[in-house]
Amino acid sequence: MGGSLRVAVLGAPGVGKTAIIRQFLFGDYPERHRPTDGPRLYRPAVLLDGAVYDLSIRDGDVSGPGPSPGGVEECPDSKDWSLQETDAFVLVYDICSPDSFDYVKALRQRIAETRPAGAPEAPILVVGNKRDRQRLRFGPRRALAALVRRGWRCGYLECSAKYNWHVLRLFRELLRCALVRARPAHPALRLQGALHPARCILM
């Protein structure tokens, strides 16, 4: 076993957090948006460079009534998993919504403020979803990427959950950062492979 990692996928309602996770895990996309009815916890196994890692992927910042989607479980208490205990973050915004980008900016600040002094820095990947709606975006990609990478010191990537574009890549890059920081003796660590629908997830 390679160990375990806790990943939080956060962002404003409606930006596509659950769609990204479900594309990554199950290869499906809901055509109609349906608000997630509470924090959800996904527990996939991921094969990285010959080692199996148990992931806990939290789908956060959600509310609303409805039955649990398949393959997930409810988080009994969000306090059981605090920001301080998270190993890596995916902060999702809608490239057509400046308000959702501001929401991510506030989340990133909150993560920085709640991290205990002396604690290892958790990697943060800012993800602009809905790239399939490129013509409606509120700002140029290069400018946003430069702001996030240089100003916020976070990773940046854009994807389309609808068309499963760059979804695997975003998790690969996030986990690469998390594992390299957790295992500094192996800076040349590389995550390789592709998604396999019938087994655990191969990276």
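No experiment lies behind these values; they were computed from the predicted model shown.

Novice: Would you mind showing me how to read the overall build of the protein here?
Specialist: Scanning the protein for helices and strands turns up four helices and nine strands. Each helix and strand of the protein, ordered N terminal to C terminal, gives the series β-α-β-β-β-β-β-α-β-α-β-α-β. A separation threshold of at least 6 residues defines the contact pool for the protein, and within that pool the share at least 24 residues apart is 72%. Of the roughly 10900 Å² of accessible surface on the protein, a fraction of 50% belongs to carbon and sulfur atoms.

Novice: Before we go on, may I ask you to explain the pattern of salt bridges in this structure?
Specialist: Opposite charge on two side chains permits them to pair, given that their charged atoms come into close proximity. Summed over all chains, the structure comprises six salt bridges. Taking the shortest distance from any N to any O, the salt bridge between R6 and E85 comes out at 3.6 Å. Of the two residues, R6 sits in strand 1 (residues 3-11) while E85 sits in the loop between strand 5 (73-74) and strand 6 (88-94), which places them 79 residues apart along the sequence. Taking the shortest distance from any N to any O, the salt bridge between D94 and K130 comes out at 3.3 Å. In this pair, D94 sits in strand 6 while K130 sits in the loop between strand 7 (124-129) and helix 3 (141-151), placing the two residues 36 residues apart along the sequence. A relative accessible area of 8% places D94 in the buried class. Linked through salt bridges whose partners overlap, the residues forming this network are R131, R137 and E158.

Novice: Would you take a moment to explain the pairing of strand 6 for this structure?
Specialist: Each regular strand displays side chains that alternate between the two surfaces of the sheet. Along strand 6, seven of the seven residues are buried, which leaves the element largely enclosed by surrounding structure. Residues A88, V90, V92 and D94 line one face of strand 6 and the alternating positions F89, L91 and Y93 line the opposite face, and both faces are buried. Sheet analysis places strand 1 next to strand 6, joined by five bridges and oriented parallel. Residue V9 lies in a different strand from strand 6, and its bridge partner there is V90. The handedness of the strand 6 to strand 7 crossover, carried by helix 2 (residues 98-114), is right-handed.

Novice: Is there a simple way to think about the nonpolar core in this case?
Specialist: For soluble globular proteins, nonpolar side chains are generally found buried alongside one another. Ranked by size, the top nonpolar core spans 32 residues in total, and within it V7, I20, I57, V90 and L170 carry the most contacts. If you tally residues by element for this core, the top one is helix 4 (residues 167-182), at eight residues. Those residues in contact with V90, other than ones at most four positions away along the chain, are V7, A8, V9, L10, L125, V127, L170 and L174. Core analysis: the second largest hydrophobic core is formed by 21 residues, L10, Y93, C96 and I111 among them.

Novice: What's the story with the packing of aromatic side chains in this structure? I'm lost.
Specialist: We describe a pair of aromatic rings using the distance from one ring centre to the other and the angle between the two ring planes. Under the criterion given, the structure shown has six aromatic pairs. Pairwise contacts between aromatic rings join Y93, F101, F138, W152 and Y156 into one cluster.

Novice: Got a minute to help me understand the confidence of the model for the protein in this structure?
Specialist: Low-confidence regions, as indicated by low pLDDT, have predicted coordinates that should not be scrutinised in detail. Residue-level pLDDT values for the protein average 80, and 77% of them are 70 or greater. A low-confidence stretch, residues 62-80 stays under pLDDT 50, and its non-local contacts, those more than four residues away or across chains, total 42 contacts. Taken as a whole, residues 184-199 scores under 50 in pLDDT and shows 26 contacts with residues more than four places along the chain or in a different chain.

Novice: Teacher, can you tell me more about helix 2 here?
Specialist: In this model helix 2 runs 25 Å from its N-terminal to its C-terminal C-alpha over 17 residues, within 8% of the 24 Å that 1.5 Å per residue would give. For helix 2, every residue scored as buried is listed here: S100, F101, V104, L107 and I111. Projection of helix 2 onto a plane perpendicular to its axis shows the buried side chains occupying an angular sector of 115°, all on one side. Helix 2 presents D99 and E113 as exposed residues on the side facing more than 90 degrees away from its buried surface. Buried residues along helix 2 sit in contact with strand 1, strand 6, strand 7 and helix 3.

Criteria and cut-off values
Residues numbered from 1 in each chain as written. Predicted model: local features only at pLDDT ≥ 70, side-chain atom pairs only at ≥ 80, totals over all residues. Heavy atoms only, no water. Helix = DSSP H or I, 4+ residues; strand = E, 2+ residues; numbered from the N terminus. Contact = heavy atoms within 4.5 Å. Areas by Shrake-Rupley, 256 points an atom, 1.4 Å probe, with all protein chains shown as cover. Salt bridge = Lys/Arg side-chain N within 4 Å of Asp/Glu carboxyl O. Buried < 20%, exposed > 50% of the residue type's maximum accessible area, 1.4 Å probe, protein only. Pairing = 2+ DSSP bridges. Right-handed = clockwise from strand over helix to strand, strands pointing away. Core = buried A, V, L, I, M, F, W, Y, C linked by side-chain atoms within 4.5 Å. Phe/Tyr/Trp six-rings, centres within 6.5 Å; stacked < 30°, edge-to-face > 60°. pLDDT = per-residue confidence, 0-100. Expected span 1.5 Å × (residues − 1). Arc of directions from axis to C-beta.

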